[in-house]
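Structural overview for review
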Amino acid sequence: MLSKTMYAALNKHMNTELFSAYLYLNMAAAANEMGFKGGANWFTVQYQEEMVHFMKFYTYINSQGAQAVVDKMAKPASSFSNLLNFFEETLKHEQFITKCINDVTELAVKEKDHATQIFLQWFVTEQIEEEENDREIIGKLKMIGDNGYGQLMLDNELGTRVFVPPPAV
Ligand code: OFO
């Protein structure tokens, strides 16, 4: 069973995951419109992953006898200047998500809510990978700079990312 405070924090974060999905969906369309087909693929996969994150919270809240509630959403950004800008904004957003996950985890520790701590563990680890991926791409983009061929090669690489659906439970 979740405390009222724990429920509110989990439900709020569930909606933040949905916001992440919307943001990356906008980024995918913007990248496509700018001719970065690989980037569009990368952000579409990212959107799919965020929907998995959202559903993990949704399912967990409901499984604890509470009711997950989807909220009104802020309008995510939809215009970006270049590939580097896409990924700098992505890293900034993921650092914000890491902070949110840490805050909810701290609450679970404070409340001695062991089940929620175990549930959140997956997200704590996931955020390390998310930020690492973004930093790696940003590093490559900084190396490439204005080199058009390099940008094309990197866009091709972004096009190879594949969504791996989570195992059925
Ligand atoms: Fe991008 O990890 Fe969820 O939000």
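Residues numbered from 1 in each chain as written. Predicted model: local features only at pLDDT ≥ 70, side-chain atom pairs only at ≥ 80, totals over all residues. Heavy atoms only, no water.

To continue, consider helix α4 (residues 114–144). Look at α4: 46 Å from first C-alpha to last across 31 residues, which is about the 45 Å you get at 1.5 Å a residue. The axis of α4 is deflected most strongly, by about 30 degrees, at Leu-120. Gly-145 sits one or two positions beyond α4 and adopts a positive phi of about 55 degrees. (Helix = DSSP H or I, 4+ residues; strand = E, 2+ residues; numbered from the N terminus. Expected span 1.5 Å × (residues − 1). Bend = angle between axes of the 7 residues up to and from the residue.)

Here we come to the packing of aromatic side chains. Applying the stated criterion across every chain, the model contains 12 aromatic pairs. On the numbers, 4.2 Å between centres and 5 degrees between planes, the contact of Tyr-60 with Phe-119 is stacked. A residue pair is termed long-range when its members are at least 10 positions apart, and Tyr-60 in helix α2 (residues 37–63) and Phe-119 in helix α4 qualify at 59 residues. Relative accessible area serves as the criterion here: at 15%, Phe-119 is assigned to the buried category. Through pairs of rings, three or more aromatic residues link up here, namely Tyr-24, Trp-42, Phe-43, Phe-80, Phe-86 and Phe-87. (Phe/Tyr/Trp six-rings, centres within 6.5 Å; stacked < 30°, edge-to-face > 60°. Buried < 20%, exposed > 50% of the residue type's maximum accessible area, 1.4 Å probe, protein only.)

It is worth spelling out the pattern of salt bridges at this point. Under the criterion given, the structure shown has 6 salt bridges. Lys-99 is the partner of Asp-103 in a salt bridge, and the nearest nitrogen-oxygen pair spans 2.8 Å. Here Asp-103 and its partner Lys-99 are both found in helix α3 (residues 83–110), 4 residues apart, which amounts to about one turn of the helix. In this structure, the salt-bridge partner of Lys-140 is Glu-157, at a minimum N-O distance of 2.7 Å. With Lys-140 in helix α4 and Glu-157 in helix α5 (residues 148–158), the pair connects residues that are 17 residues apart, well separated along the chain. Judged by its relative accessible area of 25%, Lys-140 is partly exposed. Salt bridges linked by common partners bring Glu-136, Lys-140 and Glu-157 together as one network. (Salt bridge = Lys/Arg side-chain N within 4 Å of Asp/Glu carboxyl O.)

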